[in-house]
Amino acid sequence: MKKLNAFIYTLILCAAISCKKDIIEQTEGLAALNPTSTDANAGEWKTILLSSGAEIAVPAPLPIADKLYEAELNEIKGLQQNITKDQQKEIDYWAAGGVLRWNEIMRELVAKYNLPPYQNEDGSYPFPQAANPFAYPLFPFSNPPYAARAYAYIAAAQYDALVATWHYKKLYGRLAPYKNTTGINTKVTPTDLPSYPSEAAVLAGTTAEMMKLLFPTEIANIEQKAASHQLSMMRAGAATRSDMLAGEALGRAVAQKFITRARNDKAGAAIGTPASWTQLEDDCKARGEMAWISLESPKRPPMLPGFGKVIPILMPASDLIALRPGPPPLTGSAQLAKETQEVFDFVQKQDRENIRIAHFWADGVGTYSPPGHWNAIAAKDFIAQNLSEVKWSRNMALLNLSMMDAAIITWETKYHYFNGRPCQVKPAIKTYTGTPNFPAYISGHSTFSGAAATVLGYLTPARADDYTKMANEASLSRIVSGIHFRSDCEEGLKVGKKVGEYYINRGNADGAQ
Amino acid sequence: MFVLVVCCFCSIAVKAQTETDAIMMDKNELCLGGIFAYSKWTNYWEGSLKRENLNIGSVSSRQYHFMGTYGLSNKVNLLFNVPYIITKASAGTLSGLKGFQDASLAVKWDAYNKKVGKGNFNLLLGAGFSTPLSNYVADFQPLSIGMGSTNFNGRLTLDYSVNKFYATLSNAYIRRSNIEIDRTTYFTDRQIQSNQVAMPDMMQFNFGTGYRFNGTIAEISVSNMTSLSGFDIRRNDMPFPSNRMNATMVGGYVRYNLVSQLILVGGANYVVAGRNFGQNTLVHAGLFYVISLKKSKN
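Keep in mind that this is a model prediction, so the values were computed, not measured. (Residues numbered from 1 in each chain as written. Chains lettered and ligands numbered in written order. Predicted model: local features only at pLDDT ≥ 70, side-chain atom pairs only at ≥ 80, totals over all residues. Heavy atoms only, no water.)

*Asks:* Talk me through the overall build of chain A; I want residue IDs and the actual numbers.
*Replies:* Broken down by element type, chain A carries 19 helices and zero strands. Radius of gyration (C-alpha) of chain A: 25 Å, near the 24 Å computed for a compact globule of 513 residues. Dimensions of chain A, computed from C-alpha atoms along their principal axes, come out at roughly 85 × 80 × 50 Å. Across the 513 residues that make up chain A, the buried fraction comes to 58%. Within chain A, contacts between residues separated by at least 24 positions form 84% of all contacts whose residues are at least 6 apart in sequence. As displayed, chain A has an accessible area near 20200 Å², and 57% of this comes from carbon and sulfur atoms. Of the side chains in chain A, 52 bear a positive and 50 a negative charge, and the two mean positions are spaced by 3 Å. (Helix = DSSP H or I, 4+ residues; strand = E, 2+ residues; numbered from the N terminus. Rg over C-alpha atoms; globule rule 2.2 N^0.38 Å. Buried < 20%, exposed > 50% of the residue type's maximum accessible area, 1.4 Å probe, protein only. Contact = heavy atoms within 4.5 Å. Areas by Shrake-Rupley, 256 points an atom, 1.4 Å probe, with all protein chains shown as cover. Lys, Arg positive; Asp, Glu negative; His and termini not counted. Charge placed at Lys NZ, Arg CZ, Asp CG, Glu CD.)

*Asks:* Tell me about the interface of chain B and chain A, residues and numbers included.
*Replies:* Between chain B and chain A, the contact holds 52 residues from the first and 52 residues from the second. Taken as a group, T93(B), D182(B) and Q193(B) account for 17% of the area that chain B buries against chain A, more than any other trio of residues on that side. On the surface where chain B and chain A come into contact, there are two salt bridges. Among the ionic pairs, E25(A) bridges to R190(B), the shortest N-O distance being 2.7 Å. Here chain B and chain A share 19 residue pairs in polar contact (both at pLDDT 80 or more) between them. Sorting the residues of the side of chain B that touches chain A by element identifies β7 (102-116), β8 (119-132), β9 (151-162), β10 (165-176), β12 (186-187), β13 (191-192) and β14 (196-197) of chain B as the ones contributing at least two each. (Buried area = accessible area lost by both parts, 1.4 Å probe. Salt bridge = Lys/Arg side-chain N within 4 Å of Asp/Glu carboxyl O. Polar contact = N/O pair within 3.5 Å; in protein donor to acceptor, adjacent residues only side chain to side chain.)

*Asks:* Mind laying out the domain arrangement of chain A, listing which residues take part and the relevant values?
*Replies:* Residues and elements named next belong to chain A. Under the domain assignment used here, chain A contains domain 1 (85-123 + 133-263) and domain 2 (271-509). Between domain 1 and domain 2, the residue contacts involve 35 residues of the former and 37 residues of the latter. When domain 1 packs against domain 2, the two sides together hide about 2900 Å² of surface, and 72% of this comes from carbon and sulfur. On inspection of domain 1 and its partner domain 2, the count reaches zero salt bridges. Looking at the side of domain 1 that touches domain 2, the elements with two or more residues in it are α4 (98-113), α5 (144-172) and α7 (199-214). No other element matches α5, which puts 16 residues into the side of domain 1 that touches domain 2. For the side of domain 1 that touches domain 2, the per-class residue count stands at 23 nonpolar, eight polar and four charged. (Domains from an automatic or database assignment. Nonpolar A, V, L, I, M, F, W, Y, C, P; charged D, E, K, R; others polar.)

*Asks:* Break down the side chain of T431(A) for me, citing the residues and quoting the values.
*Replies:* On the secondary structure map, T431(A) appears in the loop between α16 (422-425) and α17 (444-459). One polar contact links the side chain of T431(A) to the main-chain carbonyl oxygen of T433(A), over a distance of 2.7 Å. Ignoring any residue separated from it by four or fewer positions in sequence, one finds T431(A) in contact with C423(A), S481(A), G482(A), I483(A), T93(B), L94(B), S95(B) and F140(B).

*Asks:* Which residues make up unusual backbone geometry, and what values go with them?
*Replies:* The step from Y136(A) to P137(A) runs through a cis peptide bond, and the omega angle for that step is -5 degrees. Following the sequence through the fold, P137(A) ends up in the loop between α4 and α5. Note the cis peptide between Y441(A) and I442(A), where omega equals 5 degrees. Secondary-structure assignment places I442(A) in the loop between α16 and α17. In this model, S369(A) sits at a positive phi of 70 degrees, which is unusual for a non-glycine residue. Within the secondary structure layout, S369(A) lies in helix α14 (residues 369-385). One non-glycine residue, N163(B), lies in positive phi territory at about 50 degrees. Looking at the secondary structure, you find N163(B) in the loop between β9 and β10.

*Asks:* Residues and numbers for the pattern of salt bridges, please.
*Replies:* For the structure on display, the rule yields 35 salt bridges over all chains. Residue K285(A) pairs with E281(A) through a salt bridge whose shortest N-O separation is 3.0 Å. With K285(A) and E281(A) both in helix α10 (residues 274-286) and four residues apart, this pair spans about one turn of that helix. Judged by its relative accessible area of 47%, K285(A) is partly exposed. You can call E281(A) partly exposed: its relative accessible area is 26%. The shortest N-O distance in the salt bridge between D237(B) and R234(B) comes to 3.2 Å.

As structure tokens, this is what we get:
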């Protein structure tokens, strides 16, 4: 019996040691957003597609003396009766910041849809169809260019909508519910910022509306989140129903402008046609170079060869295309041989630290992609800076506009030169991440990272060196993964930095610096 | 020799004189040896959908196990295993990996014996522990050499034998620790913003029956491992350590005393059903040597 007891105790002890399974996520349990400045004059900041914050009309709110406004305050008081644990959790979640939370939701959507379609029986590949989004393969396939554009459109639309919001907040000056009555518990950080229209509703409305373009299968899901955001902020005492209604309408109207723009930015044609894919190969061979081939089986058409033709949101397309670097090392050149050997040596070593770097930055299939990674990095730092929602949004817009442009110039360059990956040049090179199904030069990770680090270094100068180091590591990660040559990465970083500089200039001129 | 090698996507139990059997070493006897195992699969279950993947072809692993058992007493044995594993994909560009996987240590206790009817009934209890020997990459399925978790298990084994024939039923609960991966976020059925991954606990069953006499064993078996949580691989996504990995295997095993101190083992098993799991075939062969550490009596 003694033996049995000892045995059981040992078992229990062992189980207890290994017991801790709860995972605390990075942005769980954040305090309510507490901006050091309300940015009261942000209504004057330079907008992206809107002519100004005043472009879309928002009617004047009822005066606070109006009986109907009083009724709205009673609605909030009603919502605050017996708040459940789940309702409180929902309030705390959204109170940490609307731009932050919608950015996280976007990253989740990108990861969810970032899966390459499985082949057809005959070895061809189906493409997601915007017109039939629920059929396999689900629309969209949010690969890095698609994701970069989606993040940028969402961030830019949110920014314009919030500038408009701040314009009307100042214009009408209707204060938050808790400033106009007693008996409302404030479950967000109290602020002097007027609550009409509600920034929460603007963000919810803008984002939900943009889903109609970007993630049509998620409209129902996102509308629920939008409703949760608004209801939670009403229950928190941050805004009344009319603050919400005005905000949501404004957000949706702004989003419509961006949707119209996006529908005409040529992204829809980026997949190309079988004839255009063959043309790329023929053109490359005609130059005497080894043309890229898909290393997938069956061979998959190249990813979005027409994405380089996408019209940027802000930067003139010709300025962007002018950033295309000169050619990569030529087929058969000593330089190419040297760079191939470098990649081979890296992968042969199977060095654990290099694999860590490769995987930390891989951001491949099933992830939020490299632009998502830089959004996560940015969000972490912005949380610490106690920014207003409008400033959050402005920073996210600069970051994501730069990364969309990075995607455009990267894809333009890739298909201009159409060169192969290291493992095409030397099949003995095995990789530590999936080999992307498009030409090598220039590295998308490097361009995204160069742009992001430049913009983030501008936004948070104290961290500029850290961002540069991160970008360099992200760039290096592609060499040690076995999927890029050093030229791809170094040129990518340079091009990315130039894209980033455009957005530094923009940041210096938008009135928000 | 109590060994459960929960190895990577193709995880499979390598058997020698194992946790699931009723064989005990005598006090102060040490049995040391090695096993080589080769496993390979081409088809796998993506969730419950069976498929091939032309971009990895067949995934194989070569496994070298250094193993041993020591008799603390006639009733209590200690077992260990140290595996070195090399993986490879036959197609596509992904690199295989290699390294020391998880060291395991287990205790097996012959707790209860009783004559029942014409035969003997035997109840054994076991407890095991395994932990990674190196900081290997777990988040590169299906080419990782292991899952990276530290595991504890508790096991109950029932054995009934009549003359030279026996049947053994064994059941284990495997508790698995969280693991840390190299990236800061990952998607399961939602985005998780952490480098920590909660690994599903597992239930394992094994039923073996056959001939056992004078150190010679010939057995056929069926076994099952079932994850108690975890998620399915999405359509055309890569597998992940915390997938809900299930498998049912059938196998055969022989053990033969070449001379009194030298034992030859061999076996094979095959996955007949699975979920988020490779349809693995594994063959193994090994050699063990029994040393008596007892001081010579008088």
